[in-house]
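This is what each chain is made of:
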Amino acid sequence: MAGKLSIATSEFNQLMSKEEEAVTQPILQVILASTRPDRRGGAVANWIQRVAKEHAGFGVEEVDLAQVALPLLDEPFHPRLQQYTKGHTKEWSATVDRADAFVIVLPEYNHSFPAALKNALDYLFVEWADKPVGLVSYGGISAGLRSVAALKPVLAALRMIPVLEGVSISNFGELITEDGELRDDAGRDAAGILMLDEIARLAKVLMPLRTRFA
Ligand SMILES: Cc1cc2nc3c(=O)[nH]c(=O)nc-3n(C[C@H](O)[C@H](O)[C@H](O)COP(=O)(O)O)c2cc1C
């Protein structure tokens, strides 16, 4: 009888933990940082979104900075205070606030990251803090790595947690098909999965931490 009861209890606990997992699945926002007309970053963002959906560790949302369309920072108070005066800031704050983790898809412009990304980051502070972030860069021979190097100190200033495992795509123009998508590459998929695994690992421990100190 006791044996039966303990099996039933362990089955119940397993079911409950599966249920909890489903409820607390972290929200991953894939932020597309290039905003130009005819930009090519959409192919890269589509690729990592596909991998993230297949990964199944997150609820995946796309955040396209071209659609968010923030003006140059126009708030009078430091974002730490969260005393937002503009509708676009309040909307941006609500979007970023609901995320538990991010992947930023970024090109390299003149050896750094796009100004639209810096502007979008500068608008907020608390909403970014204590959240893991993976970086997917693309470019010519440099694969956007100078862009990544320039971005990391900015993320640290916002108390974000960049993961080591990123994806850097070199000569990416040659990898785009006629349909405007990135050509399949199992090695790149594997690098994406490694990055997402690490983001998921950190998101799990950071989520309760944020709740506790909110
Ligand atoms: C303003 C500008 C600056 C660029 N600077 C670099 C650079 O420093 N290094 C690089 O590898 N590619 C550079 N490129 C080429 C970009 O990698 C390429 O145009 C890419 O498609 C940009 O991404 P996007 O189409 O998503 O905007 C630059 C492109 C632009 C428009």
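Residues numbered from 1 in each chain as written. Predicted model: local features only at pLDDT ≥ 70, side-chain atom pairs only at ≥ 80, totals over all residues.

Draft legend 1. Representation of the pairing of strand β4 (residues 132-138) within the structure. With seven of its seven residues buried, β4 lies for the most part within the structure. The side-chain alternation of β4 yields two buried faces, one formed by P132, G134, V136 and Y138 and the other by V133, L135 and S137. Bridging between strand β3 (residues 101-107) and β4 involves six bridges; their strand directions are parallel. From the neighbouring strand, I104 faces β4, where its bridge partner is L135. Taken together, β3, helix α5 (residues 115-122) and β4 constitute a β-α-β crossover, and its handedness is right-handed. Bridge analysis of β4 against strand β6 (residues 167-169) gives three bridges, and the strand direction is parallel. Bridging across to β6, V136 finds its partner in V167. (Buried ≥ 20, exposed ≤ 12 C-beta atoms within 10 Å, placed from the backbone. Helix = DSSP H or I, 4+ residues; strand = E, 2+ residues; numbered from the N terminus. Pairing = 2+ DSSP bridges. Right-handed = clockwise from strand over helix to strand, strands pointing away.)

Draft legend 2. Broad picture of helix α4 (residues 87-97). Along α4, the residues that are buried comprise T89, W92 and V96. Projected down its long axis, α4 carries its buried residues within an arc of 65°, all on one side. Of the residues in α4, the exposed ones pointing more than 90 degrees away from the buried face are G87, K90, A94 and D97. If you follow the buried residues of α4, they end up packed against α3 (65-68). (Arc of directions from axis to C-beta. Contact = placed C-beta atoms within 7 Å.)

Draft legend 3. Focus on the pairing of strand β2 (residues 59-64). Where strand β1 (residues 27-32) and β2 come together, six bridges link them in parallel fashion. By the bridge assignment, I31 is partnered in β2 with V63. Each parallel crossover has a hand, and for β1 linked through helix α2 (residues 41-55) to β2 it is right-handed.

Draft legend 4. Representation of the environment of E174 in the model. Relative to the assigned elements, E174 resides in the loop between β6 and α7 (186-213). The exposed category is assigned to E174, around which 8 C-beta atoms lie within 10 Å. For the pair E174 and G140, spaced 34 residues apart in sequence, the C-alpha to C-alpha distance is 9.5 Å.

The analysis is restricted to geometry; functional conclusions fall outside its scope.
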